[in-house]
Amino acid sequence: MRKPRKTENSRRRRTTTVLPVKMAATRGLWRTRSLLSPRTPLLFPAAAARPQSSVSGDPVPRTSLSRPPWPQQTSAVPAEEARRRHAAVVLAVNERIQQRDFGRLFAVVHFAGRQWKVTGEDLVLIESHVEAQCGERIRMEKVLLVGAQDFTLVGRPLLGRELVRVEATVLEKTESWPKVHMQFWKRHRFQRKKILVQPQTVLRINSIELAPALTS
Amino acid sequence: MVFLSLSCWIRSRGPDRYWKVQEVLKHARHFRGRRNRCYSLAVRAVRRAFVYATKSRRIKKRNMRTLWITRIAAASREHGMKYPALMHNLTKSSVQLNRHVISDLAITEPRTFLSLANLARARQQEGFRAALGDGKEPPGVFSRVVFLQ
């Protein structure tokens, strides 16, 4: 089984949309791919650096079919620039979290064999038995993603335990409505009918909390 | 009047036929035609309905998955990526969100979906760069890239 990755490997992504984002200072540093100026499209971007022994100029003679009809943009960001952008994004998100500037948080939680996208005050109906009594508080540890209005923390595959805390209360434990399981083969005099009743648990998500400081 | 000798030929052939019939008819009340009133027709219709419900519970899971995939494909094409590229690169970046959750994010959290698409695209470009090489040929190999003539 794959070990869950720790906090150091969580990638933070600040999303850019057409809506005005409060972080005007760092907006200029992060450009999406569409804004990059298209450079001369190369069929093999590494071929430009490769010394040509017999063929000079383009590796392939330019005909109507030598290049694909869509515009080819080789946007290889140099490593230094990428590191600077990443540091800027991490700084911005850290600042946000320290000042508790976000509103409502949502989280994607892995629980009872399924993944749920939950917020505070959510009701979750689970089609199985949960080992906790009614009224007990539960902490959901396997958090895959946490998001707010302006930033998202994506775990690879899980976020750290010290980073997020998702708490829920067990409200009620009931049984499902009686489902009919019926089999019938025609012309074989075979039919079987069974009533299935599954245990159900209802949880109320109390809160999702972020730790005040992230590590990079 | 008092009957001193009981009749021997009268017997009860089941005191609860009415309730047994109602048990079947109650599942057929919303059917069309005589199948919601007449027991012989209702029995056959109810049996088919139960069998369809049983089989559909397994097919529903397949249908839901197809629906999620369609939705994720549509949302990722809005951002200039295709569904196989998105999912494969998310898996390679060890993001283990399932299709249910990703389609929900695409509907209700568009900015988070955009950030996932950017993550997948960055990983894709990294993969392309790693495959195309850094311009230096490995020693002992004439050429790794085929030149079309």
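Refer to the structure presented above.
Described below are features of the structure shown in this document. The model shown is predicted, which means the values in this text are computed figures rather than measured ones.

Analysis parameters
Residues numbered from 1 in each chain as written. Chains lettered and ligands numbered in written order. Predicted model: local features only at pLDDT ≥ 70, side-chain atom pairs only at ≥ 80, totals over all residues. Heavy atoms only, no water. Axes fitted to C-alpha atoms, helices over the stretch in contact; angles between N-to-C directions. Helix = DSSP H or I, 4+ residues; strand = E, 2+ residues; numbered from the N terminus. Parallel < 35°, antiparallel > 145°, perpendicular 65-115°, else oblique. Contact = heavy atoms within 4.5 Å. Nonpolar A, V, L, I, M, F, W, Y, C, P; charged D, E, K, R; others polar. Pairing = 2+ DSSP bridges. 1 Å grid on protein atoms, 1.4 Å probe; cavity = no way out; pocket = protein on both sides within 12 Å on 5 of 7 lines; lining within 4 Å. Points joined across faces, edges and corners; volume = space filled by probe spheres on them.

For the rest of this paragraph, the subject is the packing of helix α3 (residues 83-92) of chain B against helix α5 (residues 110-132) of chain B. Geometrically, a packed helix pair is captured by the angle between its two axes and the distance between the axes. Residues and elements named next belong to chain B. Contact geometry for α3 and α5: axes closest at 8 Å, N-to-C directions at 80°. Looking at the two axes, α3 sits roughly perpendicular to α5. Contacts from Ala-85, Leu-86, Asn-89, Leu-90 and Lys-92 in α3 reach Phe-113, Leu-116, Ala-117, Leu-119, Ala-120, Arg-123 and Gln-124 in α5. Among the residues forming the contact of α3 with α5, the class breakdown is eight nonpolar, two polar and two charged.

Another aspect to go through is the sheet that holds strand β11 (residues 199-210) of chain A. All names here are of chain A. Overall, antiparallel pairing links the four strands, which are arranged β4-β11-β8-β5 in an open sheet. With partners counted over all chains shown, the strands left at the sheet margins are β4 (123-126) and β5 (137-140), one partner each. Between one strand axis and the next, the sheet turns by 35° as a mean value, whatever way the strands run. As paired strands, strand β8 (residues 164-175) and β11 are joined by eleven bridges and run antiparallel to one another. Across the sheet, residue Thr-174 finds its bridge partner in β11, namely Gln-200.

As a further point, take the layout of surface pockets. If you add up the space inside the second largest pocket, you get close to 810 Å³. In terms of lining residues, the second largest pocket is bounded by 22 residues, among which Arg-114 and Glu-127 of chain A together with Lys-60, Lys-61 and Trp-68 of chain B are the most central. Elements that contribute at least two residues to the lining of the second largest pocket include exactly β3 (114-119) and β4 of chain A together with α2 (39-78) and α4 (99-108) of chain B. Of all the elements, α2 of chain B adds the most residues to the lining of the second largest pocket, at eight residues. Of the residues in the lining of the second largest pocket, the class split is six nonpolar, seven polar and nine charged.

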